[in-house]
Amino acid sequence: MVGAENVLVGDAERLARATGLSYLDLLRRRAPSADFPVPDAVVLPADPDEVQAVLEVCVRHDVGVVPFGGGTSVVGGVAALRGEKASVIALDLVRLDALVSVDAESRLAVLQAGVRGPEAERLLGEHGLTLGHVPQSFERATIGGFAATRSAGQASSGYGRFEDMVKGVRLATPRGEWKLGVAPASAAGPDLRQLAVGSEGTLGVITEVSLRVRPAPPVRRYEGYALPGWEAGAAAVRDLAQHHALADVTRLSDGDETEVSLALNASLKTTALRRYLAARGVARPCFLIVGWEGTAHDVALRRRETARRLKASGAVRVGKALGESWRHGRFAGPRQRDALLDQGVCVETLETAAYWSHVDELRDDVRAALTSSLGRSIVMCHISHAYETGASLYFTVLAARDETDPIGQWQRAKAAACEAITGLGTISHHHAVGVDHAPYLKAEIGELGVEVLRAAKSAVDPTGILNPGKLV
């Protein structure tokens, strides 16, 4: 179906598509064991028709199929699990790398699923357009992966989450091709696009996505503020959200994350900055990064209102150096993690979201659960995305690695954090469900909700070949 040269069976090729990039994935890659899940082959189709043809072959031979984009999942979403299947392939979409069409009048662009974030921006930039979707996985993650996991970019307050951008989707399924999205809005029953978006490869293989795009911004301005403590900072962000004054990027670090930033960022002239803030009543600061993108007039207008409300909230402006430092270093985390692993550190992230009335309680409970499980550790938290009704919380955890049982160490800590989240917030704001969060899905959507998802899967994938063991 795809040509012999596009069916890879070598150890290195199979190992490279075996898992995502979670802490546990990286540990297992460093010391593969007998139970390390590895696909039996990697198949690289060239276009949507070939994807469909491959699925039809896999149905006939009862072969499991794990769709693979950038491989950046941190919840087991691309683990090569085979479930009850005798064999499983990784369906690598890297060759689906085209900009299919641009409708400048409607501000729509159709991109194939395998296009990575930077390439999407390059292709759209040739037309003076941008998608504006920049998560931390941007350098490796793909358009199909963004859609399959309901990704949230760092500038989501301005551009929206990825599902807000999706206007149409094309999927290959074991039952045939499925196309959704014909108009900007519709009352023709439930929006099935939103069933496909977030389906994590279990309801079909996304091959093309029609996306809302915008003119590339001529001006980008990022700067930093400091607020006197977490409660004051969260209240300031809530005020911005509820008065429609959020910057495109709005990111509040708690005191611990701010201290780490100060320790690591030599360009901030830490001693002088501490004196400057202390003189203005901010002894233990929480840093707030805000960034605007657009025309010079638009940026100036929106920045003026944001700055006015922040000043009224007691924020102290730190300046552009802090904002630009964050912008230029925002993809460094994954590389720093590899270096920390070399030094024997357990380092991982997790995220959630809650309504404003539960945000502080959720942060405290998750921190307590993690520190109780891990003992001596650093647990940092920031608000990564804000809404009128609530916000997401993103935690970064550092602890000495238990060399006798490093995998169990984190599994216990993550389970404790998930238990703390359940009932207060969502089990995932943007990392998706995958394998790791599947045990907690029923508590969030109910047994009936799980049955609805299973019924949808049965309708499009009656033999269960698509991404075994994920989501439901």
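Sequence order as written defines residue numbering, which begins from 1 separately in each chain. Selection of residues for local features in this predicted model requires a pLDDT of at least 70, selection of side-chain atom pairs for listing and counting requires 80 or more, and totals for whole chains, interfaces and linings are taken over all residues. Hydrogens are left out, water is left out, and the side-chain values use all remaining heavy atoms of the structure.

1. Section: the environment of Ala369
Mapped onto the secondary structure, Ala369 falls in helix 15 (residues 356-374). The cut-offs for exposure are 20% and 50% of the maximum accessible area for each residue type, with area from a 1.4 Å probe on protein chains only; residues under the lower value are buried, those over the upper are exposed, and the others partly exposed. Exposure remark for Ala369: the relative accessible area of 15% places this residue in the buried category. Remark: the alpha-carbon pair of Ala369 and Val347, spanning 22 residues in sequence, is separated by 16 Å. Contacts are assigned to residue pairs with any non-hydrogen atoms lying within 4.5 Å of each other. Excluding its chain neighbours within four sequence positions, the residues that come into contact with Ala369 are Ala416, Ala417 and Ala420. What counts as a helix is a DSSP run of H or I of at least four residues, what counts as a strand is a run of E of at least two, and both are numbered from the N terminus.

2. Thoughts on the sheet that holds strand 2 (residues 41-43)
Pairing between two strands requires that DSSP report at least two bridges joining them. The mixed open sheet is built from 4 strands, whose spatial order is 1-2-4-3. Two strands bound the open sheet, and with one partner strand each, they are strand 1 (7-8) and strand 3 (64-68). Judged from the 5 bridges that link them, strand 3 and strand 4 (residues 88-92) form a sheet pairing that is parallel. Of the residues in strand 4, the one forming a bridge with Val65 is Ile89. Across the sheet, helix 3 (residues 48-61) touches strand 2, strand 3 and strand 4, and the angle it forms with strand 4 is around 175 degrees. The convention used is that axes are lines fitted to C-alpha atoms, helices contributing only their stretch in contact, and that angles between N-to-C directions extend from 0 to 180 degrees.

3. A few points about the UniProt feature "site: Important for enzyme activity" (unreviewed entry) in the protein chain
UniProt positions are given in the numbering used here, feature names are shortened, and annotations may be inferred rather than shown by experiment. This chain's UniProt record puts "site: Important for enzyme activity" (unreviewed entry) on Arg251. The topology assignment puts Arg251 in strand 13 (residues 249-253). Non-local contacts of Arg251, meaning those with residues more than four positions away in its chain, are made with Glu257, Phe287, Leu288, Ile289, Trp326, His382 and Ile383. A polar contact is formed between the side chain of Arg251 and the side chain of Glu257, at a distance of 3.3 Å. Polar contact is the term for a pair of N or O atoms within 3.5 Å; when the atoms are in protein, one must be able to donate a hydrogen and the other to accept it, and sequence-neighboring residues count only if both atoms are side-chain atoms.

4. Details of the environment of His244
Positionally, His244 belongs in the loop between helix 9 (230-242) and strand 13. Residue classification places His244 among the exposed residues on the basis of a relative accessible area of 66%. When the C-alpha positions of His244 and Gly3 are compared, they lie 53 Å apart, and in sequence the two are 241 residues distant.

5. A look at the pairing of strand 9 (residues 176-180)
Judged from the 5 bridges that link them, strand 8 (residues 166-173) and strand 9 form a sheet pairing that is antiparallel. Along strand 9, the bridge assignment pairs Val169 with Leu180. What sits between strand 8 and strand 9 in their antiparallel hairpin is a turn of 2 residues.

6. Side note on the domain arrangement of the protein chain
For each domain, the first and last residues come from an automatic or database assignment. For the protein chain, the assigned domains read domain 1 (4-92), domain 2 (99-215), domain 3 (219-328) and domain 4 (337-421). A C-alpha centroid distance of 23 Å is found between domain 3 and domain 4. Facing 17 residues of domain 3, the contacting portion of domain 4 comprises 15 residues. The buried area of a pairing is the accessible area, by a 1.4 Å probe, that goes missing from both parts when the two are put together, added over both. Together domain 3 and domain 4 conceal approximately 1400 Å² of surface at their shared face, both sides included; 58% is due to carbon and sulfur atoms.

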